[in-house]
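Examination of the molecular architecture
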Amino acid sequence: MTVSLAAVRESTLCELDLRDVLAGHLIVVRGGLDQLAPDRPFTRAASECVAAVASSDAAHRIADHGLEQLHTVAGVEEIRSVRDELDRRVRPAAHQLLLSFIEVLSPQRRRLYVSDHLGVRIMPPRSCADGQEGQLRNYTGFLIPTDAHVDSWFNTAVNSVNLWMAVSRVRHDNGLLLWPDAYRSPLRHDGVRLDPHQEIGEPVEVELGRGDVLLFAGDHLHATRPNTGPETRWVITKRICLGPPRYHPRATGWVPYADPRLLGTPLAPLAPLRSTLTAGRARHLLRSTGRYLPLRARR
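Residues numbered from 1 in each chain as written. Predicted model: local features only at pLDDT ≥ 70, side-chain atom pairs only at ≥ 80, totals over all residues. Heavy atoms only, no water.

Notes on the pattern of salt bridges
For the structure shown, the criterion picks out 20 salt bridges. Arg91 serves as the salt-bridge partner of Asp87, at 2.8 Å between the closest nitrogen and oxygen. Taken as a pair, Asp87 and Arg91 lie in helix H5 (residues 76-104) at a separation of four residues, close to a single helical turn. Via salt bridges that share partners, Glu48, Glu85, Arg88 and Arg89 belong to a single interconnected network. (Salt bridge = Lys/Arg side-chain N within 4 Å of Asp/Glu carboxyl O. Helix = DSSP H or I, 4+ residues; strand = E, 2+ residues; numbered from the N terminus.)

A word on the state of the cysteines
Scanning all chains against the criterion turns up zero disulfides. Note on Cys49: no disulfide assigned, nearest cysteine sulfur contributed by Cys128 at a separation of 19 Å. On the accessibility criterion, Cys49 (0% relative accessible area) is buried. (Disulfide = S-S within 2.5 Å. Buried < 20%, exposed > 50% of the residue type's maximum accessible area, 1.4 Å probe, protein only.)

Topic: the environment of Leu263
Its place among the elements puts Leu263 in the loop between strand S10 (257-258) and helix H6 (273-276). Between the C-alpha atoms of Leu263 and Leu99, which are 164 residues apart in sequence, the distance is 9.8 Å.

Digging into the nonpolar core
One finds Leu18, Leu70, Phe101, Leu163, Leu215, Trp234 and Ile240 to be the most contacted residues of the largest nonpolar core, which totals 58 residues. Sequence-distant contacts of Phe101, that is, excluding residues within four places in its chain, are made with Leu13, Leu16, Leu18, Leu36, Leu163, Leu215 and Ile240. Counting 13 residues, the second-largest nonpolar core is a separate cluster that includes Leu26, Val204, Phe216 and Val235. (Core = buried A, V, L, I, M, F, W, Y, C linked by side-chain atoms within 4.5 Å. Contact = heavy atoms within 4.5 Å.)

Function-wise, these values are silent; they only describe arrangement.
What follows is the structure, given as structure tokens:
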């Protein structure tokens, strides 16, 4: 497989224009995570989770040799428990980090909305999970690779931006694959997976150092590269929306985005109102009450 790096740009936090991301550009902010959270709360929390789930000796080894060596001190079941515990512990910090990101950005042309989405993604080498994919299928994209997909097929706004934040090194053999040539193309899919035999161009991947942030549009076709390397990869993801959230008419779900200006105020319950007053929300309600399928059948 040929992999290109030509489509990747670099920027600083204060120079970011999210319209460039939604135009299809892949943008890396070197050290962006460390700038937003200089005390490295995610790294510290990761070590604490290893100590709590595995052992203090395992945590000491991780401290000496890096998070990338998790698979050498923990089995798949322990790694799953570390992921779940880390998800629980870092949710408040990750939410605050997204608000800090908004504060650091230069003024954007459209209002920003934030998602409660949190993706704690720990990908051990593929050999560690061989034969256990079935019992880990609920962790697809979080512990085992996910196939090529577009986020708005599921529940994400079509104008969302992913912040893919490297807590550990991201190498050429354990990262993310994106297909910029397929951006917002009318791709055929079954609601979960891309149908085969379509022209999508060559994939792009990005190597990241600890603390780097990759920004890409949620409407980019992307997939997890199976981890064929010697290191466990740790990434945390959050999502932000440029302009009022808009949802694909064939999306299989719906998630709200909140107006950050209202969070922490007495009007906080109204923060997701723009998401709630959308056709995407109405379609989701129809599906959840069992009325959507008959409506589709009559078309």
